[in-house]
Amino acid sequence: MPDSSPLERQLANIFAMTIRARRKELGLSQEQVALRADIDRNHYQLMESARSDRRSNKAVNPRLFTLFRLANALELPVEDLLLAASETFQEQVEAGESL
């Protein structure tokens, strides 16, 4: 499978910044968020780094259920968790950029 597209990387970075900022707002450690979301701490660390794994150079792309668990752990609606990335994606679509 090819590396992630520039847009995928951009969206992954926005998502990573969103979860990192919210975690810090709540005063939680990465381990605490991972425990609350019932996911592996290393997996959460990778998400905050916008990466899918340590070996590849692919952008993070969490599963739907993981998004719901993260939103719950970070005490916000899943819509808010994805808002900044969604707005960026929509801007790209409206600008006619290649997806």
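Keep in mind that what you see is a predicted model, and the values were worked out from it rather than measured.

**As for the side chain of arginine 23**
Step number 1: Secondary-structure assignment places arginine 23 in helix H1 (residues 6-26).
Step number 2: Among residues more than four places away in sequence, those in contact with arginine 23 are Leu28, Ser29, Gln30, Val33, Tyr44, Glu48 and Leu74.

**Observations concerning helix H5 (residues 78-94)**
Step number 1: Between its terminal C-alpha atoms H5 stretches 23 Å, which fits the 24 Å expected from 17 residues at 1.5 Å a residue.
Step number 2: Along H5, the helix axis deviates most sharply at alanine 84, where the bend reaches about 45°.
Step number 3: Buried residues belonging to H5 abut H1 and helix H4 (64-73).
Step number 4: One or two steps after H5, the chain reaches glycine 96, where phi turns positive at roughly 75°.

**Comments concerning unusual backbone geometry**
Step number 1: Backbone geometry at aspartate 38 places phi at a positive 55°, although glycine is not the residue there.
Step number 2: One non-glycine residue, alanine 50, lies in positive phi territory at about 65°.
Step number 3: Looking at where alanine 50 falls in the secondary structure, it is placed in the loop between helix H3 (41-48) and H4.
Step number 4: By relative accessible area, alanine 50 is classed as buried at 8%.

**Some points on the packing of helix H2 (residues 30-37) against H3**
Step number 1: Viewed as axis vectors pointing N to C, H2 and H3 meet at an angle of 115°, and their least axial separation amounts to 9 Å. With respect to each other, H2 and H3 are oriented roughly perpendicular. Remark: the crossing between H2 and H3 carries right-handed chirality. Contacts from Gln30, Glu31, Val33 and Ala34 in H2 reach Arg41, Tyr44, Gln45 and Glu48 in H3.

The rules we used
- Residues numbered from 1 in each chain as written.
- Predicted model: local features only at pLDDT ≥ 70, side-chain atom pairs only at ≥ 80, totals over all residues.
- Heavy atoms only, no water.
- Helix = DSSP H or I, 4+ residues; strand = E, 2+ residues; numbered from the N terminus.
- Contact = heavy atoms within 4.5 Å.
- Expected span 1.5 Å × (residues − 1).
- Bend = angle between axes of the 7 residues up to and from the residue.
- Buried < 20%, exposed > 50% of the residue type's maximum accessible area, 1.4 Å probe, protein only.
- Axes fitted to C-alpha atoms, helices over the stretch in contact; angles between N-to-C directions.
- Parallel < 35°, antiparallel > 145°, perpendicular 65-115°, else oblique.
- Left-handed = near helix turned anticlockwise from the far one by under 90°.

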